[in-house]
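Summary of the model geometry
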Amino acid sequence: MVLNGCGGHPKGVLTPVADTSVKSTKVNMLIATTRSRSAIPGEMFTGERALKPAFADITVSIPPNSVRKVGEVAWPRRLPSNPATDFATLKAQEIDEAAARAWLNTSVRKTPDGSVLVFIHGFNTRFEDSVYRFAQVVHDSGVHSAPVLVTWPSRGSLLAYGYDRESTNYTRNALERLFQYLAQDREVKEVSILAHSMGNWLTLESLRQMAIRNGRLPAKFKNVILAAPDVDVDVFSQQIVDMGKQHPQFTLFVSRDDRALAVSRRVWGDVSRLGAIDPEQAPYKEELEINKINVIDLTKVKQGDRLHHTKFAESPEIVRLIGSRISEGQTLTDNRVGLGDHILDATIGTAAAAGHVAGLILTAPVAVVDQNSRDNYADHVSALASNGQPARTAATACEVGRRPQACKR
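Residues numbered from 1 in each chain as written. Predicted model: local features only at pLDDT ≥ 70, side-chain atom pairs only at ≥ 80, totals over all residues. Heavy atoms only, no water.

**Examining the packing of aromatic side chains**
- All chains considered together, the criterion is met by six aromatic pairs.
- Their ring planes at 50 degrees and their centres at 5.6 Å tell us that phenylalanine 87 and tyrosine 132 sit as a pair that is tilted. Highlighted residues: phenylalanine 87 in the loop between strand E2 (45–62) and strand E3 (88–95) and tyrosine 132 in helix H2 (residues 127–141), separated in sequence by 45 residues.
- For phenylalanine 87, a relative accessible area of 0% corresponds to the buried category. (Phe/Tyr/Trp six-rings, centres within 6.5 Å; stacked < 30°, edge-to-face > 60°. Helix = DSSP H or I, 4+ residues; strand = E, 2+ residues; numbered from the N terminus. Buried < 20%, exposed > 50% of the residue type's maximum accessible area, 1.4 Å probe, protein only.)

Quick look at the structure:
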């Protein structure tokens with residue numbers, strides 16, 4: 001794990017540069033953080049804990065896909081960043097709470113559906129890493145919601161696991177207050193949440209607190225995507241119960257080859273982590289179906305870091321799937337999927353996908369057997385073709401290995 005540690009890019013990348021590339025795309029986001037302010041230029045916030053939340057307005061320039069791969073954060077090799085080839089910061093301004101509310105209202109009005117996407121990052125993540133990763137997800141997914149990044153105090157070190165975990169607990173109340181504000185803001189019509197790794201613990205605990213305090217979760221909270229959740233499976237079962245019957249549509253991204261979660265399992269007494277379960281095995285299959293939790297199994301997908309922990313963001317097909325489903329107001333599965341619906345080329349050549357009542361499972365292709373499955377397969381192929389991708393049959397689907405990117409959790 002230490003050999004896979006982070007680093008390798010310049011520090012201070014949040015110092016704004018001039019917008020010198022007409023071909024780059026701009027992602028403007030609102031930052032809500034419980035991190036302490038940094039005295040280092042271009043860093044903005046550290047991994048230490050602040051006494052109260054702070055806010056920032058940040059714009060990141062992303063170079064065209066002709067010079068970067070979808071799913072990749074193009075870190076500058078040297079400073080200042082070059083917007084033509086690198087991720088570059090165009091604006092990084094700390095703002096007060098009133099200005100944050102004004103930003104939110106203005107940005108939500110610009111969306112076609114009054115929606116907000118909240119991203120909560122995972123363990124071992126420096127402030128600038130969370131900013132650039134979220135900018136990449138927003139850009140590559142094509143989501144049109146107002147982007148809000150919640151970044152909690154992580155020291156960005158593989159050896160600070162305990163500190164990071166306690167920092168998520170430290171941030172629970174602040175995140176719940178943000179959720180409460182979004183629930184009450186009449187301009188906000190719909191909220192989607194994307195959490196990664198340890199950020200799932202923070203997300204689930206804040207939603208649980210909100211449900212207990214209010215008696216239920218708001219109907220406008222539509223989708224919660226749990227990517228590689230570093231959460232005890234038994235605790236998750238209780239959290240879902242505590243949220244009550246009215247809860248968002250949960251979509252769970254799992255991968256049984258996730259090495260980071262394998263290490264976490266050993267740390268936590270050999271109890272399974274939610275992001276590494278086999279959703280086809282008991283008791284998980286039954287519990288997922290009872291709670292109507294959709295599952296997408298990324299075990300067969302080979303993109304991502306060496307720990308297989310960031311597939312949700314670094315697999316081009318998966319990040320696009322997230323964006324299209326959120327933007328279209330759909331869940332990440334089709335409830336009409338039949339029991340024999342075993343072939344869906346949903347990842348456009350990365351792997352074949354098999355749908356079942358619990359969700360979509362990326363696996364080796366087998367035969368379609370019932371009419372409902374055949375109808376759905378045709379629908380998915382048509383959807384892929386309409387997205388500008390060539391329609392492929394399951395017989396041609398294959399796994400495509402990619403060069404692992406730098407480790408980032």
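**Thoughts on unusual backbone geometry**
- A cis amide bond links leucine 79 to the next residue, proline 80, at an omega of 0 degrees.
- Looking at the element boundaries, proline 80 is found in the loop between E2 and E3.
- Residue proline 283 follows alanine 282 across a cis peptide bond; omega there is 0 degrees.
- Within the secondary structure, proline 283 sits in the loop between helix H6 (259–267) and helix H7 (284–290).
- A positive phi angle, near 60 degrees, is found at asparagine 124, a position not held by glycine.
- Residue asparagine 124 is classed as buried on the basis of its relative accessible area, which comes to 1%.
- Non-glycine residue lysine 292 carries a positive phi angle of around 55 degrees.
- Mapped onto the fold, lysine 292 is located in the loop between H7 and strand E9 (294–297).

**Quick look at the packing of helix H3 (residues 161–184) against helix H4 (residues 199–214)**
- It is at 8 Å that the axes of H3 and H4 come closest, and there the two elements cross at 50 degrees. Relative to H4, the element H3 is oriented oblique. At the point where H3 passes H4, the crossing takes the right-handed sense. Across the interface between the two elements, Arg165, Thr168, Asn169, Thr171, Arg172, Asn173, Leu175, Glu176, Phe179, Gln180 and Ala183 of H3 pack against Trp201, Leu202, Thr203, Glu205, Ser206, Leu207, Gln209, Met210, Arg213 and Asn214 of H4.
- Among the residues forming the contact of H3 with H4, the class breakdown is seven nonpolar, nine polar and five charged. (Axes fitted to C-alpha atoms, helices over the stretch in contact; angles between N-to-C directions. Parallel < 35°, antiparallel > 145°, perpendicular 65-115°, else oblique. Left-handed = near helix turned anticlockwise from the far one by under 90°. Contact = heavy atoms within 4.5 Å. Nonpolar A, V, L, I, M, F, W, Y, C, P; charged D, E, K, R; others polar.)

**Some thoughts on the environment of glutamate 187**
- As for its placement among the helices and strands, glutamate 187 is situated in the loop between H3 and strand E6 (190–196).
- Residue classification places glutamate 187 among the partly exposed residues on the basis of a relative accessible area of 31%.
- Those residues in contact with glutamate 187 that sit more than four places away from it in its chain are Asn105, Val108, Arg109 and Gly114.

**A few points about the pairing of strand E8 (residues 249–254)**
- Across the six residues that make up E8, a large majority, five, are buried.
- Relative to E8, strand E7 (residues 221–227) runs parallel, the two sharing five bridges. For alanine 227, the partnering residue across the bridge sits in E8 and is phenylalanine 253.
- Once the chain exits E7 it traverses helix H5 (residues 233–243) before rejoining the sheet at E8, and the crossover so formed is right-handed.
- Where E8 and E9 come together, four bridges link them in parallel fashion. Within E9, the position partnered with phenylalanine 253 by the bridge is isoleucine 296. (Pairing = 2+ DSSP bridges. Right-handed = clockwise from strand over helix to strand, strands pointing away.)

None of this, on its own, says anything about what the molecule does.
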